[in-house]
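Report on the structure
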Amino acid sequence: GAVVSQHPSRVICKSGTSVKIECRSLDFQATTMFWYRQFPKQSLMLMATSNEGSKATYEQGVEKDKFLINHASLTLSTLTVTSAHPEDSSFYICSAPGLADNEQFFGPGTRLTVL
Amino acid sequence: QKEVEQNSGPLSVPEGAIASLNCTYSDRGSQSFFWYRQYSGKSPELIMSIYSNGDKEDGRFTAQLNKASQYVSLLIRDSQPSDSATYLCAVGGYTGGFKTIFGAGTRLFVKA
């Protein structure tokens, strides 16, 4: 299957700082990428759909000014958590769509801890 | 609100037994159905996809889909301790763009 990487895998930051998470498709081009958040023992919740060359589409209840998404190229999408607070601590996972309908390839995830 | 429901478990089965995982969904227009395995602290890994009614087998895994009952299941034969993980059911459809809704997952423990 396709390979999606994320960096960093783990980040600890102080409250009020901003954190950038990178998602790369390693062996294919992705015009669309998805960003999910997963709290402990809960399901994946789609935050936004990142679109290369245009604005991201945010899900209801997700603050676009707090979670900045940039899809700068066909292989890179970034999520920046601005002015992070402890309640933003979570597992952030990106994915890229496969060839089949709704098939997705997930990155390894980024564990964010805000102190 | 489109929903995907799973029993959170944990489901505990002895090694070598069949593990049966179930999932129901609310959107009758759903078109694609997936089972993902997620180990603790890791991201989900696709293990099965199914798009039409009936059974689909891949090695020790069998996915079953019944669109009339809005029900999808996963059977794991000859369960191994390495199968111990959380299994996420995911349902996809087209509503202004392809969207996938994930269930909260069922925790499976396979006892050696």
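Residues numbered from 1 in each chain as written. Chains lettered and ligands numbered in written order. Predicted model: local features only at pLDDT ≥ 70, side-chain atom pairs only at ≥ 80, totals over all residues. Heavy atoms only, no water.

Focus on the interface of chain A and chain B
With 21 residues of chain A in contact, the opposing surface of chain B contributes 20 residues. Summed over both sides, the interface of chain A with chain B buries roughly 1,500 Å², with 52% coming from carbon and sulfur. The tally of links between chain A and chain B comes to zero salt bridges. In this structure, the connection of chain A to chain B is made through five residue pairs in polar contact (both at pLDDT 80 or more). Only strand S4 (32-38), strand S9 (90-97) and strand S10 (104-106) of chain A provide two or more residues apiece to the side of chain A that touches chain B. Across the side of chain A that touches chain B, the residue classes break down as nine nonpolar, seven polar and five charged. (Contact = heavy atoms within 4.5 Å. Buried area = accessible area lost by both parts, 1.4 Å probe. Salt bridge = Lys/Arg side-chain N within 4 Å of Asp/Glu carboxyl O. Polar contact = N/O pair within 3.5 Å; in protein donor to acceptor, adjacent residues only side chain to side chain. Helix = DSSP H or I, 4+ residues; strand = E, 2+ residues; numbered from the N terminus. Nonpolar A, V, L, I, M, F, W, Y, C, P; charged D, E, K, R; others polar.)

Describing unusual backbone geometry
Glycine aside, a negative phi is what most residues show, and trans is what most peptide bonds show. Following His7(A), the chain continues to Pro8(A) via a peptide bond in cis, the omega torsion being 0°. Topologically, Pro8(A) is positioned in the loop between strand S1 (4-7) and strand S2 (10-13). Residue Pro10(B) follows Gly9(B) across a cis peptide bond; omega there is 10°. Relative to the elements of secondary structure, Pro10(B) occurs in the loop between strand S1 (4-6) and strand S2 (11-14). Of note, Ser83(A) is a non-glycine position whose phi angle comes to about 45°, a positive value. Secondary-structure assignment places Ser83(A) in the loop between strand S8 (76-81) and S9. Classification of Ser83(A) by relative accessible area gives partly exposed; the value is 33%. In this structure, Asp78(B) takes a positive phi of about 50° despite not being glycine. Considering the arrangement of structural elements, one finds Asp78(B) in the loop between strand S8 (71-76) and strand S9 (85-94). (Buried < 20%, exposed > 50% of the residue type's maximum accessible area, 1.4 Å probe, protein only.)

Some remarks on the state of the cysteines
A full pass over the atoms with the stated rule returns two disulfides over all chains. Each sulfur of the disulfide joining Cys23(A) and Cys94(A) lies 2.0 Å from the other. Handedness here is read from the sign of the S-S torsion; for Cys23(A) and Cys94(A), about 85°, the answer is right-handed. Of this pair, Cys23(A) sits in strand S3 (residues 19-25) while Cys94(A) is found in strand S9, placing the two residues 71 residues apart along the sequence. Here Cys23(A) matches Cys94(A) in class, with each residue buried. Two residues share a disulfide in this structure: Cys23(B) and Cys89(B), whose sulfurs sit 2.1 Å from each other. Across the disulfide from Cys23(B) to Cys89(B), rotation about the S-S bond amounts to roughly -70°, and the bridge is consequently left-handed. Note that Cys23(B) is positioned in strand S3 (residues 19-25) and Cys89(B) in strand S9, a separation of 66 residues in sequence. Given a relative accessible area of 1%, Cys23(B) falls into the buried group. Here Cys89(B) falls in the buried class, since its relative accessible area comes to 0%. Here Cys13(A) stays unpaired: no disulfide links it, and the sulfur of Cys94(A), its closest cysteine neighbor, is 18 Å away. (Disulfide = S-S within 2.5 Å.)

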